[in-house]
Amino acid sequence: MPIRREHRFFYPIDWPQLSAVIRFRRAKGRCEGCGRPHGETVWHLGDGRWWDAQVGSWRDGKGQAVCLAVGEDDVLRSVRTTRVVLATGHRNHDTADNRDVNLIAVCQRCHMNHDRPEHPRRR
């Protein structure tokens, strides 16, 4: 996720390298919130459930395997696709706190969910 020009001075000069270490070395290219793989296009149902092609099962928004209920309304009709892009986020929303334990590799969906309470405060 690109950093807005007016917020760049809040991040360290080596942020791209630090972010890459968190996303690809520590998280191994998968979202630490739900497990979605970076750079791949995944099928999802819009409610957090997504198809993990590597394992061959549906997962929920926390990465746990789920079964689609038999007889449930045709959920497969609502399948959409999205390309997953990992970003590095701050657990405590403090961009000056770049300790390893405060950084998390997250996909777009998990990043928005994590930052949702923070958005109204910043407005």
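Now for a look at the structure at hand. Just so we're clear, the structure is a prediction, and the values are computed from it rather than from any experiment.

Secondary structure assignment for the protein chain yields three helices and seven strands. Along its sequence from the N terminus, the protein chain presents helices and strands in the succession α-β-β-β-β-β-β-β-α-α. Based on the C-alpha atoms only, the size of the protein chain along its principal axes is roughly 55 × 35 × 20 Å. The 123 residues of the protein chain split such that 34% are buried. Sequence-distant contacts in the protein chain: of pairs separated by 6 or more residues, those separated by 24 or more amount to 52%. Total accessible area on the protein chain is roughly 8200 Å²; 53% of this is exposed by carbon and sulfur atoms. Of the charged side chains in the protein chain, 22 are positive and 15 negative; the average position of the first set lies 3 Å away from that of the second.

Right, let's talk about helix α1 (residues 15-26) for a bit. In this model, α1 (twelve residues) spans 15 Å end to end at C-alpha, consistent with the 16 Å of a helix rising 1.5 Å per residue. Its buried side turned inward, α1 meets β6 (87-90) and β7 (103-106). Backbone geometry just downstream of α1 places K28 in the positive-phi region, at approximately 55 degrees.

Here the focus is the pattern of salt bridges. This model, assessed by the stated rule, comprises six salt bridges. Residues R30 and D52 are paired through a salt bridge, measuring 3.7 Å at the closest nitrogen-oxygen approach. Here R30 is found in the loop between α1 and β1 (41-44), whereas its partner D52 is found in strand β2 (residues 50-52), with 22 residues between them in sequence. Note on R30: relative accessible area 22%, which makes it partly exposed. Notably, a salt bridge pairs D97 with R99, separated by 2.8 Å at the nearest N-O pair.

Glancing now at the nonpolar core. Residues C31, C34, V42, W50, V84, L86, I104, V106, C107 and C110 constitute the largest nonpolar core, which totals ten residues. Among all residues touching C31, those that are not within four sequence positions of it are R36, L86, A105, V106, C107 and C110. Counting six residues, the second largest nonpolar core, distinct from the first, contains W15, A27, L103 and A105.

Another aspect to go through is the packing of aromatic side chains. This model, assessed by the stated rule, comprises two aromatic pairs. Judged by centre distance (5.6 Å) and plane angle (65 degrees), the ring pair of W51 and W58 falls under edge-to-face.

Thresholds applied
- Residues numbered from 1 in each chain as written.
- Predicted model: local features only at pLDDT ≥ 70, side-chain atom pairs only at ≥ 80, totals over all residues.
- Heavy atoms only, no water.
- Helix = DSSP H or I, 4+ residues; strand = E, 2+ residues; numbered from the N terminus.
- Buried < 20%, exposed > 50% of the residue type's maximum accessible area, 1.4 Å probe, protein only.
- Contact = heavy atoms within 4.5 Å.
- Areas by Shrake-Rupley, 256 points an atom, 1.4 Å probe, with all protein chains shown as cover.
- Lys, Arg positive; Asp, Glu negative; His and termini not counted.
- Charge placed at Lys NZ, Arg CZ, Asp CG, Glu CD.
- Expected span 1.5 Å × (residues − 1).
- Salt bridge = Lys/Arg side-chain N within 4 Å of Asp/Glu carboxyl O.
- Core = buried A, V, L, I, M, F, W, Y, C linked by side-chain atoms within 4.5 Å.
- Phe/Tyr/Trp six-rings, centres within 6.5 Å; stacked < 30°, edge-to-face > 60°.

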